[in-house]
Amino acid sequence: MVTIGTFDGVHRGHKAILEQMRHIAGFNDGETVLLTFYPHPRMVLHPGDHGLRLLSTMEEKEELLSMAGVDHLVVYPFSEEFSRKTAFEYVRDMLVDQLHVHTLVVGYDHRFGRNREGDFLVLKELSQDFGFHLVEIAAQKLKDVKVSSTKIRTALEVGNIDQANESLGYDYEIHGTVVKGEGRGRQIGFPTANIGNIEPDKLLPAKGVYSVMVRIDEEKKRGVLNIGVRPTVSGSGNMSVEVHIPGFERDIYGKNITVGFLKRIRDEKKFGSVIELSEQIKEDIKLSLL
């Protein structure tokens, strides 16, 4: 059983496709295969202006798909040459000749082939020509809204963590390494772990303050995270991602860190003094633990 797509974020809609594929595979004593592409097609076709930030890195996607029960993940290198394949060539060369597809499961809006010329009707004709079964999954809806990677990205870009997490079916995460910062947080009584080495193509939520779950090694702690330029204490204008973990004293420089976003607390803002900022951080901590 085969399905195809970028599956960015592996959200609830994707999982509905995978669940259907597992059901069909189990009924036919078969295995599930997911064909995906890297880099993301938009990054290859529009290298200068794609403006795309991804919900999941390839490593994250592999883990999410494994958790979703996919037996075999095939990552095909996407290129300009590959993008010129017609819908017929795509099905013949990839699905039939290489993957020996028995049943193809696709989402309601799946498009493929040169200039995205292929759709479900084209697939239906080709499935008859090449002798494989075809199953279409309808749009998955949450509160009457279609779930899509694009809509989840839009929600994160405006800081709507609740909507993003509901559509994903899990808390949105970023991964990085704890790096040396300027020590400004410690100077005002709220030491922070500065998160660096975040995958460049990974989407960061909107600037602001968030309640988060922090994972370092096997330890989990609640924290308050700021994404932004720290306008009260820094005039550099440089973006930073830093998290304060109340009561946490370990030296974690150089450690890998994972942050799961639970809720948005407020916008980032410039305060009139460090004292005002400190008082607000105290309130942020209280709100983060609710």
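Now for a look at the structure at hand.

1. Quick notes on the sheet that holds strand E1 (residues 2-4)
Logical step 1: Taken together, the five strands give an open sheet; going across it, the order is E3-E2-E1-E4-E5, and neighbouring strands pair in parallel fashion. Each end of this open sheet is capped by a strand with a single partner; those strands are strand E3 (72-77) and strand E5 (133-137). Pairwise comparison of adjacent strand axes, ignoring direction, gives a mean angle of 25 degrees for this sheet.
Logical step 2: Alignment of E1 against strand E2 (residues 33-38), held across three bridges, turns out to be parallel. Each bridged residue has a counterpart across the sheet, and for Val-2 the counterpart in E2 is Val-33.
Logical step 3: Contacting E2 and E3, helix H3 (residues 58-67) crosses the sheet at an angle of about 170 degrees to E2.
Logical step 4: Docked against the sheet, helix H6 (residues 120-130) engages strand E4 (103-107) and E5, running at close to 160 degrees with respect to E5.

2. Considerations on the pattern of salt bridges
Logical step 1: Applying the stated criterion across every chain, the model contains 14 salt bridges.
Logical step 2: The residue Glu-219 makes a salt bridge to Lys-221 at a minimum N-O spacing of 3.9 Å.
Logical step 3: Linking Glu-283 and Lys-286 is a salt bridge whose minimum nitrogen-to-oxygen distance equals 3.6 Å. Residue Glu-283 and its partner Lys-286 are both found in helix H10 (residues 274-288); the two are separated by three residues, about one turn of the helix.
Logical step 4: Members of the salt-bridge network, linked through shared partners, are Asp-217, Glu-219, Lys-221, Arg-250 and Lys-255.

3. Looking at empty space enclosed by the protein
Over the atoms rolls a probe the size of a water molecule, and its path tells where empty space is left.
Logical step 1: Scanning the entire structure with this criterion turns up one cavity of 30 Å³ or more.
Logical step 2: Considered as a void within the structure, the largest cavity measures approximately 380 Å³ in volume.
Logical step 3: In terms of lining residues, the largest cavity is bounded by 23 residues, among which Asn-226, Arg-230, Glu-242, Leu-277 and Ile-281 are the most central.
Logical step 4: Broken down by secondary-structure element, the contributors of at least two residues to the lining of the largest cavity are helix H9 (184-187), strand E11 (219-228), strand E12 (240-244) and H10.
Logical step 5: Top element by residues in the lining of the largest cavity is H10. It accounts for four residues.
Logical step 6: Taken together, the residues of the lining of the largest cavity sort by class into 11 nonpolar, five polar and seven charged.

4. Quick word on the side chain of Ser-149
Logical step 1: Within the secondary structure layout, Ser-149 lies in helix H7 (residues 149-157).
Logical step 2: On the basis of relative accessible area, Ser-149 is assigned to the buried category, the value being 12%.
Logical step 3: Polar side-chain contacts of Ser-149 include one of 2.8 Å to the backbone oxygen of Asp-8.

Quick notes on the rules
- Residues numbered from 1 in each chain as written.
- Predicted model: local features only at pLDDT ≥ 70, side-chain atom pairs only at ≥ 80, totals over all residues.
- Heavy atoms only, no water.
- Pairing = 2+ DSSP bridges.
- Helix = DSSP H or I, 4+ residues; strand = E, 2+ residues; numbered from the N terminus.
- Axes fitted to C-alpha atoms, helices over the stretch in contact; angles between N-to-C directions.
- Contact = heavy atoms within 4.5 Å.
- Salt bridge = Lys/Arg side-chain N within 4 Å of Asp/Glu carboxyl O.
- 1 Å grid on protein atoms, 1.4 Å probe; cavity = no way out; pocket = protein on both sides within 12 Å on 5 of 7 lines; lining within 4 Å.
- Points joined across faces, edges and corners; volume = space filled by probe spheres on them.
- Nonpolar A, V, L, I, M, F, W, Y, C, P; charged D, E, K, R; others polar.
- Buried < 20%, exposed > 50% of the residue type's maximum accessible area, 1.4 Å probe, protein only.
- Polar contact = N/O pair within 3.5 Å; in protein donor to acceptor, adjacent residues only side chain to side chain.

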